[in-house]
Number of protein chains: 4
Amino acid sequence: MNTATSSAAPGQHVPRGRIDKRQAILDAAFTVFARHGFALACVQEIATEAGVAKPTVYNHLHDKETLFRHAMEAAANRAMAENLAVVDQLTDHGADVRAALDEVGYQLLQRHCDDRSWALRRLLNAEVNRFPDLIDIAHATGANRITQALADRVARLTLAGHLAATEPVEAAEQFLALLTGPMESRARLGTRPVPDRELRAVARAAVRTFLRAYGEGRA
Amino acid sequence: MNTATSSAAPGQHVPRGRIDKRQAILDAAFTVFARHGFALACVQEIATEAGVAKPTVYNHLHDKETLFRHAMEAAANRAMAENLAVVDQLTDHGADVRAALDEVGYQLLQRHCDDRSWALRRLLNAEVNRFPDLIDIAHATGANRITQALADRVARLTLAGHLAATEPVEAAEQFLALLTGPMESRARLGTRPVPDRELRAVARAAVRTFLRAYGEGRA
Amino acid sequence: MNTATSSAAPGQHVPRGRIDKRQAILDAAFTVFARHGFALACVQEIATEAGVAKPTVYNHLHDKETLFRHAMEAAANRAMAENLAVVDQLTDHGADVRAALDEVGYQLLQRHCDDRSWALRRLLNAEVNRFPDLIDIAHATGANRITQALADRVARLTLAGHLAATEPVEAAEQFLALLTGPMESRARLGTRPVPDRELRAVARAAVRTFLRAYGEGRA
Amino acid sequence: MNTATSSAAPGQHVPRGRIDKRQAILDAAFTVFARHGFALACVQEIATEAGVAKPTVYNHLHDKETLFRHAMEAAANRAMAENLAVVDQLTDHGADVRAALDEVGYQLLQRHCDDRSWALRRLLNAEVNRFPDLIDIAHATGANRITQALADRVARLTLAGHLAATEPVEAAEQFLALLTGPMESRARLGTRPVPDRELRAVARAAVRTFLRAYGEGRA
DNA sequence: GATGAATGAGAGTTCATTCAT
DNA sequence: TATGAATGAACTCTCATTCAT
């Protein structure tokens with residue numbers, strides 16, 4: 001039905017339409033799963049959202065569970081990539097640590113409060129019993145990697161004399177906790193859109209506490 | 001599994017069913033909902049778990065939705081009561097603030113990592129789209145009340161000269177964030193039982209950071 | 001619940017309340033059956049409409065089928081009595097046969113188009129497969145008796161020289177047919193209230209045709 | 001029971017089901033609805049009677065209600081077509097009006113007393129509250145169309161000097177009433193099969209009365 | 001490879017009916 | 001006697017999944 005979606009390079013025989021279709025299905029799947037949860041999402045709705053027929057979904061992803069897994073992995077990977085990109089900005093080339101942390105904290109919060117991020121965490125929570133292995137994928141490759149990446153930066157800042165964090169991982173963990181912890185109830189589990197100003201404020205408060213605890217004056 | 005279904009005095013005629021059937025149903029409902037989520041939990045299983053027939057469930061709680069709502073409210077209320085009881089221990093009659101915070105933090109973490117607490121949060125996350133009003137019930141009367149109660153204590157400790165928290169609510173929010181934030185990935189969303197020792201450690205780390213930021217030396 | 005319904009004579013110990021209750025139940029039953037049909041009428045609704053509890057219905061009338069049978073018989077008997085009373089007016093003491101037939105025809109049509117009459121016929125039609133014996137009760141003691149009573153009057157009028165009906169039963173049958181036949185689609189099976197003027201017109205037309213066929217001028 | 005389900009040419013590959021499944025379902029539906037009424041007819045029985053699986057019924061006709069509506073409409077259309085075909089025979093090329101009316105009356109009565117006709121009227125009566133619009137379909141396009149068609153013929157016969165009906169519609173209405181009115185109790189609402197001889201007799205009596213009232217001698 | 005049609009299994013809900021007070 | 005509570009049975013409808021084209 002949607003055969004003209006792809007823009008395959010002319011003269012070359014790459015079945016790009018195939019891949020595009022698969023991607024469309026995965027996107028649609030995540031959207032629909034986010035809307036209704038695993039159990040109540042029906043494959044027909046996913047197919048319609050993706051613009052294909054139901055059996056096509058089964059041709060590409062063998063069954064509903066596989067579909068869910070792949071959609072979740074894709075979403076988790078994208079989210080992690082975005083977060084890592086933010087953390088990577090935290091280099092020491094700017095002397096003003098507070099400003100740098102403020103900015104990184106704010107951007108992390110933005111990612112955290114994105115609709116798809118909330119949906120991802122919601123689904124992870126919801127289906128943890130049915131898909132226990134998804135936690136590994138999402139946390140091992142997700143949350144923990146963010147923590148580690150952030151710990152790396154903290155360690156560097158400590159070595160550079162900008163911080164006094166003796167245990168970088170713990171510091172990173174707490175920094176993230178100070179950022180995201182307050183959002184749970186403020187955003188009502190992702191139901192309420194949090195204005196940018198509030199994100200900035202939460203980030204600033206987190207940084208303030210973090211720096212009081214781990215600022216250079218401390219040991 | 002449901003040992004508290006009926007506590008009738010032995011030797012006394014037990015009516016075919018009346019008094020605590022409703023409670024048994026609600027308990028069973030929460031258990032089964034926690035097991036499978038709302039959509040996949042079937043009323044028959046709840047009825048069986050409660051030791052009644054299916055229509056009895058419908059006689060007491062009109063709907064599957066109503067059943068869910070009431071089960072969730074009951075669970076949320078119990079959890080909140082437990083947490084408030086813990087916070088209430090945080091009076092200033094002990095001079096050692098750190099020890100008091102350690103203990104309260106540890107007990108809050110215990111409640112937080114209780115199976116039923118994880119289940120409650122999981123269900124809340126999972127069904128937020130279908131039951132948006134449950135967030136109000138759970139957060140407004142739950143998380144926020146804990147924060148407020150804790151803020152009260154923080155204010156008192158500040159007045160007593162034991163803390164330097166100028167904004168008690170923010171301080172309370174961050175204390176809770178420092179406690180519970182790290183648990184998300186450590187407990188793998190409630191999948192992995194966290195040993196007491198680890199709870200103690202996380203609590204201690206949280207208190208350490210908290211006191212560095214809000215200890216009496218600060219202003 | 002409705003204990004004060006009866007007006008038992010003081011000083012006498014007649015359990016009138018019992019009888020009243022039974023009657024209330026039968027009335028309610030007919031109303032509800034007329035509303036929803038046999039299958040969809042639920043005993044609970046009948047009980048509520050009668051102002052009693054559900055088991056009380058079962059105490060008085062053993063089960064739903066019995067309830068239906070008794071309600072229908074009562075309604076049929078009442079309808080028949082009313083119709084017979086109308087036919088009985090058709091004596092020859094008035095010389096104007098046309099006027100007498102017009103009036104009787106009109107009154108029969110009124111009875112025929114009463115809500116409860118439509119409901120009765122509707123239910124009879126609807127449940128003929130499940131309650132075949134009800135036709136006997138309703139037709140043998142109902143429609144046929146009206147026809148016979150009318151045939152009696154026709155015979156008398158013939159003997160008195162006012163009519164020329166050689167076969168009174170056939171004449172009666174046709175008179176009733178001319179009256180009620182056109183109502184089926186005019187009243188849309190009882191759904192549309194037919195104005196009195198229309199009833200008069202149909203009756204007059206029926207009488208006109210009837211007298212052309214069976215008037216004294218004919219043989 | 002359902003011999004006309006599939007008329008595929010023998011020796012040809014029959015697809016697992018496609019072409020006349022819908023028709024088979026509608027036929028089965030009418031049969032089963034006629035047997036049990038709307039409420040007590042269960043879709044499973046319809047599916048079995050049609051030789052398909054239950055969901056197939058839902059695939060073709062969305063609802064039990066939709067199913068009922070379509071089955072009723074089909075039955076009503078067929079009945080009306082048959083009746084119209086009979087009325088169409090009533091042309092004036094035969095000089096013997098009485099014989100022509102006798103024959104047409106008899107054939108109309110045959111249609112009227114067909115099992116499916118009784119069933120159709122029964123269902124119409126039974127479910128008039130739940131499906132009020134069906135009356136329009138059945139009466140407006142059914143009974144009234146027959147009356148109008150018959151009135152057309154009556155008018156022609158009048159113009160040809162064979163009748164003296166000044167109001168063709170009223171005459172047609174009464175002719176039909178004289179035919180079908182007596183059948184209600186004679187056929188016991190379709191429960192008792194009426195022998196052909198009786199149909200002939202009722203038709204003849206109706207025609208006799210009709211011609212006395214509207215024959216050429218009259219004005 | 002993509003699709004229209006078909007199906008087996010299963011869930012929520014209702015209801016007539018019966019206990020036990 | 002009248003009733004609140006409980007239940008077994010049944011029914012509609014949905015959905016993941018598979019044929020056969």
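Since we're looking at a predicted model, the values are computed, not measured.

Peer 1: What am I meant to see in the interface of chain D and chain C here?
Peer 2: Reports often express the size of an interface as the amount of accessible area lost when the parts come together. Opposite the 37 residues of chain D that make contact, chain C presents 37 residues. Summing both partners gives a buried area of about 3600 Å² for chain D against chain C, and 54% of it is carried by carbon and sulfur. When the area that chain D buries against chain C is broken down by residue, the three leading residues are Asn125(D), Leu189(D) and Arg212(D), summing to 17%. Our enumeration of links across chain D and chain C arrives at six salt bridges. With a shortest N-O distance of 3.0 Å, Arg208(C) and Glu170(D) are connected by a salt bridge. There are 20 residue pairs in polar contact (both at pLDDT 80 or more) connecting chain D and chain C.

Peer 1: Help me understand the environment of Asp96(C) in this model?
Peer 2: Residues and elements named next belong to chain C. Relative to the helices and strands, Asp96 is located in the loop between helix 4 (64–88) and helix 5 (97–112). Taking C-alpha positions, Asp96 is 8.9 Å from His162, a pair spaced 66 residues apart along the chain. Among the polar contacts listed, one links the side chain of Asp96 to the backbone nitrogen of Arg98, at a separation of 3.3 Å. Of the polar contacts made by the side chain of Asp96, one reaches the backbone nitrogen of Ala99; its length is 3.2 Å.

Peer 1: Looking at this model, I keep getting lost on the packing of aromatic side chains. Mind explaining?
Peer 2: One pair of aromatic rings is described through two measures. These are the centre distance and the angle between the planes. Applying the stated criterion to the full structure yields 28 aromatic pairs over all chains. Note on Phe33(C) and Phe38(C): the rings are 5.8 Å apart at their centroids and 25° apart in plane angle, and the pair reads as stacked. Given a relative accessible area of 1%, Phe33(C) falls into the buried group. Accessibility expressed as a relative area gives 5% for Phe38(C), which makes it buried. Their ring planes at 70° and their centres at 5.1 Å tell us that Phe38(C) and Phe68(C) sit as a pair that is edge-to-face. Of the two residues, Phe38(C) sits in helix 1 (residues 16–40) while Phe68(C) sits in helix 4, which places them 30 residues apart along the sequence. Comparing Phe38(C) with Phe68(C) shows no difference in burial state: the two are buried. An aromatic cluster is present here, built from Phe33(A), Phe38(A), Phe68(A) and Phe131(A) joined pairwise through their rings. When the ring centre of Trp118(C) is taken as origin, the NZ or CZ atom of Arg121(C), which lies over that ring, is 4.4 Å away.

Conventions we followed
Residues numbered from 1 in each chain as written. Chains lettered and ligands numbered in written order. Predicted model: local features only at pLDDT ≥ 70, side-chain atom pairs only at ≥ 80, totals over all residues. Heavy atoms only, no water. Contact = heavy atoms within 4.5 Å. Buried area = accessible area lost by both parts, 1.4 Å probe. Salt bridge = Lys/Arg side-chain N within 4 Å of Asp/Glu carboxyl O. Polar contact = N/O pair within 3.5 Å; in protein donor to acceptor, adjacent residues only side chain to side chain. Helix = DSSP H or I, 4+ residues; strand = E, 2+ residues; numbered from the N terminus. Phe/Tyr/Trp six-rings, centres within 6.5 Å; stacked < 30°, edge-to-face > 60°. Buried < 20%, exposed > 50% of the residue type's maximum accessible area, 1.4 Å probe, protein only. Lys NZ or Arg CZ within 6 Å of the ring centre and 35° of its normal.

These results come straight from atomic positions and should not be treated as a statement about function.
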